[in-house]
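A look at the structure
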Amino acid sequence: MLVPALLVLFFSLRGRAGLSPHFLQQPEDLVVLLGDEARLPCALGTYSGLVQWTKDGLALGGERDLPGWSRYWISGNAASGQHDLHIRPVELEDQASYECQATQAGLRSRPAQLHVLVPPEAPQVLGGPSVSLVVGVPANLTCRSRGDARPIPELLWFQDGVRLDGATFYQTLLKEGTTGSVESILSLTPSSEDDGATLVCRARSQALPAGKDTAITLSLQYPPVVTLSAEPQTVQEGQKVTFLCQAKAQPPVTSYRWAKGGSPVLGARGPILEVVAEASFLTEPVSCEVSNTVGSANYSVALDVLFGPILQTKPEPMSVDLGEDVSFSCAWRGNPLPRVTWTRHGGTQVLGFGSTLRLPSVGPEDAGNYVCRAEPGLSGLGGGAAEARLTVNAPPVVTALHSAPAFLRGPARLQCLVFATPAPEAVVWSWDEGFLEKGSLGRFLVETFPAPVGQVGQGPGLISVLHISETQESDFSRGFNCSAQNRLGEGSTHVSLGHRDLLPTVRIVVGVASSAVTLLTVITGVALCCWYRGKASFSKQKNLVQIPGSNHSSSLRSPEEEETGSSEDQGPIEHMDHSDLVLDDEGFLETKDPTNGYYKVRGVSVSLSLGKAPGGGLFLPPSAPLGPLGTAPLYDINSHLGMPSPCKLYRAQEGYLTTPHSRAFASYMKPTSSGPSDMAPKSPPFPYAAFSTPSHSRLQTHV
């Protein structure tokens, strides 16, 4: 109040100084609740004439108490220019536009709008306070608010303090500019848990933010909820069984109806049924149907009549394409229910349980026979197995079969194995310059015939053979392709032709002959060496060999002799029995002839190993004579026959002679005259040290 008074005084002083009348304060828009007081302020400066208020353009009068308007008056100090309009209590008719006017000065304030808020009344829920609904049946609840509430109220639904969504809002107009009523419809499908629940409809607006509530209680009706039991549950055929049918319903149950396998049981009334059990009760369950005014409900139960599993439906063979899903079904009848398992034919791993086996996205590895097996019942009767075959249609699987190496300009044969379901349209052989499906083409011939029974599930097999009548060099370097195609795709494999060479055979024959001569030379040299040293006389118990005809005449000493200065002190000789060595009339060592006279040979039987390292292979040594010049060189093989060695085997130019055991034989291979020799020109007849044959680590020759 102090500030307006100071303003009035300030403008009054300015007016005395010559200022014109003006508004110090003008009314503004105002919102009030119905029944409250409204105050619209107005203050003028340098003005002392008549001041009045208008309502929607109608003058209310110039007196301070506004006669004729019992709820209206003007307050404030007129001398200071204060002219406030008061309305109490506010009614709906007071909602209008108001102005403050200085009549003699011709001044009018800006219009001020007075808004009157009317709180909503408590809403009404149709059918309340207890609303009856049916469980599972959609229903609509209507909440309605009547009266002249301003602004229009909002209707909300709540259950247990939680706002419910899904309500639809409607507004009804009674006449232009006025509201008759507003409605909110809530759609819901009640469940049995909603029985006795409380729902609240709330009307709220700006005039009443807290709103007003109306509560209702749901009373639900529902058809019977049935439970059916049998006593005893597990019976033998011929035993007496009592069925008890219990139901919970709102409103109460009105009737019971019994049936077996869908057929009514004549004369059955009430909630109890007594029967004599038989096997059909397992497949034809007993049902109890209970009804009330809302609806009916049915419940069935089957008796446990004990008997072993019986096959009802066998699994059917399936043929599917690669990547598809497969299901096998197999039905068994029995009580207790049989335990059904699925396995692969010949396997023990359980793939699934129950009447259906599902195989998602099958591949070639899934093809085969599947077994549906039911175990016998508690009585030990029944049970068994049934199987069905799964065929997986897939692109052909082509595998190269082993093909023997071929000689140049000789015949050759290449083979491939084809498995395919469906059967391949064709099997084609191709190479650099051509292809052939069947028949012949130049040097090539193709044959295709069914393969023996293959792996289970692979489908029918074919063997395709490519014959080459006369091989050429290019056949060994290039590759051959065997391919097959069906509607699902193509499969192929690469087949190479191996080259078989004559040279190893010739080398073996030449090496064996050379070894025979070398052995004779070495054995003779060893015998002479031992004789020369005087350690022991040559007898059938000693393994010294003299090689007559040797052209070695050097008198080289062994490394051992150079170190010790003498080769005589070699220790005692251990005599061993070699019953297969004999002396002939001339004193030469002779073996028992393994060829029974086919070849008459002299010498001792040893084993020849070809190689390049001491102790592992034979290199023909130049003689390192142990005797005087001009005599046959001697070589000691005692250490290789398991005897203490009085004589040493000396290092030669290219290797060593070894024997793996004391009773070894060397096999003789008679050279043949077929084909030219593969030895180099001007080579010695038996070039023992000219080559080695690692691929034949041990050659045996009867010499």
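Throughout what follows, the structure given in this document is the object of discussion. (Residues numbered from 1 in each chain as written. Predicted model: local features only at pLDDT ≥ 70, side-chain atom pairs only at ≥ 80, totals over all residues. Heavy atoms only, no water.)

Another point: the overall build of the protein chain. Assigned secondary structure in the protein chain consists of five helices and 49 strands. Counting across all 703 residues of the protein chain, residues that qualify as buried make up 41%. The contacts of the protein chain with a sequence gap of at least 6 include a subset with a gap of at least 24, amounting to 63%. Of the roughly 37,300 Å² of accessible surface on the protein chain, a fraction of 53% belongs to carbon and sulfur atoms. (Helix = DSSP H or I, 4+ residues; strand = E, 2+ residues; numbered from the N terminus. Buried < 20%, exposed > 50% of the residue type's maximum accessible area, 1.4 Å probe, protein only. Contact = heavy atoms within 4.5 Å. Areas by Shrake-Rupley, 256 points an atom, 1.4 Å probe, with all protein chains shown as cover.)

Right, let's talk about the sheet that holds strand β24 (residues 263-264) for a bit. Ordered in space as β24-β23-β26-β27, the four strands form an open sheet in which the pairing is antiparallel. At either end of the open sheet lies a strand with only one pairing partner, and these are β24 and β27 (296-301). With six bridges joining them, strand β26 (residues 286-291) and β27 adopt antiparallel strand pairing. Residue pairing for β27: Val 286 is matched across the bridge by Val 301. (Pairing = 2+ DSSP bridges.)

A cis amide bond links Gly 128 with the next residue in sequence, Pro 129, at an omega value of 5 degrees. As for its placement among the helices and strands, Pro 129 is situated in the loop between β12 (124-125) and β13 (130-134). Look at the link from Thr 421 to Pro 422: it is a cis peptide, with omega at 0 degrees. Among the secondary structure elements, Pro 422 is positioned in the loop between β38 (412-421) and β39 (426-431).

This brings us to the pattern of salt bridges. Side chains that carry opposite charge are capable of pairing whenever their charged atoms lie near each other. Applying the stated criterion across every chain yields a total of 18 salt bridges. We note a salt bridge from Asp 321 to Arg 487, for which the minimum N-O separation is 2.8 Å. Linking Asp 321 in strand β30 (residues 318-321) with Arg 487 in the loop between β44 (480-486) and β45 (489-495), this pair joins segments that are 166 residues apart in sequence. Judged by relative accessible area, Arg 487 falls into the exposed class, the value being 53%. Of the charged contacts, one joins Glu 433 and Arg 478 as a salt bridge, the two residues approaching to 2.7 Å between their closest N and O atoms. With a gap of 45 residues between them, Glu 433 in the loop between β39 and β40 (434-436) and Arg 478 in the loop between α3 (473-477) and β44 connect regions that are remote in the sequence. (Salt bridge = Lys/Arg side-chain N within 4 Å of Asp/Glu carboxyl O.)

Counted by the stated rule, this structure contains five disulfides. A sulfur-sulfur separation of 1.9 Å characterises the disulfide bridge that pairs Cys 416 with Cys 482. Remark: Cys 482 occurs in strand β44 and Cys 416 occurs in strand β38; sequence separation between them is 66 residues. Judged by its relative accessible area of 0%, Cys 416 falls in the buried class. (Disulfide = S-S within 2.5 Å.)

Relative to the elements of secondary structure, Phe 353 occurs in strand β34 (residues 350-353). For Phe 353 and Thr 343, which are ten residues apart along the polypeptide, the C-alpha to C-alpha distance reads 9.5 Å. When near neighbours in sequence (up to four residues on either side) are disregarded, Phe 353 contacts Arg 339, Val 340, Thr 341 and Trp 342.

Moving on, we get to the nonpolar core. Trp 53, Tyr 72, Leu 85, Ile 87 and Tyr 98 are the most contacted members of the largest nonpolar core, which totals 23 residues. If you list the elements that add at least two residues to this core, you get β3 (38-40), β5 (51-55), β7 (72-75), β8 (84-87), β9 (97-102) and β11 (112-117). With residues up to four places along the chain from it excluded, the contact list for Tyr 72 reads Lys 55, Leu 60, Asp 65, Leu 66, Leu 85, His 86, Ile 87, Asp 94 and Tyr 98. (Core = buried A, V, L, I, M, F, W, Y, C linked by side-chain atoms within 4.5 Å.)

With that settled, consider the sheet that holds β8. The strand order across the open sheet formed by three strands is β3-β8-β7, and the pairing between neighbours is antiparallel. The sheet is open, and its two edges are formed by β3 and β7, each paired on a single side. This sheet shows a mean twist of 25 degrees between the axes of neighbouring strands, independent of strand direction. Pairing of β3 with β8 involves three bridges; the strand directions are antiparallel. Looking at β8, one finds that Arg 39 is bridged to His 86. (Axes fitted to C-alpha atoms, helices over the stretch in contact; angles between N-to-C directions.)

Quick look at the environment of Gln 415 now. Secondary-structure assignment places Gln 415 in strand β38. Since its relative accessible area comes to 14%, Gln 415 is described here as buried. Gln 415 sits 33 residues away from Thr 448 along the chain, and the two C-alpha atoms are 9.6 Å apart. If we skip the residues at most four places from it in the chain, Gln 415 touches Ala 400, Leu 401, His 402, Ser 403, Trp 429, Ile 463, Ser 464, Val 465 and Val 495. For Gln 415, the side chain forms a polar contact with the main-chain oxygen of His 402, separated by 3.5 Å. (Polar contact = N/O pair within 3.5 Å; in protein donor to acceptor, adjacent residues only side chain to side chain.)

With respect to the helices, strands and loops of the structure, Glu 99 is situated in strand β9. Of the polar contacts made by the side chain of Glu 99, one reaches the side chain of Arg 108; its length is 2.8 Å. In contact with Glu 99, not counting residues within four places along its chain, are Gln 52, Trp 53, Thr 54, Arg 108, Ser 109 and Pro 111.

Function-wise, these values are silent; they only describe arrangement.
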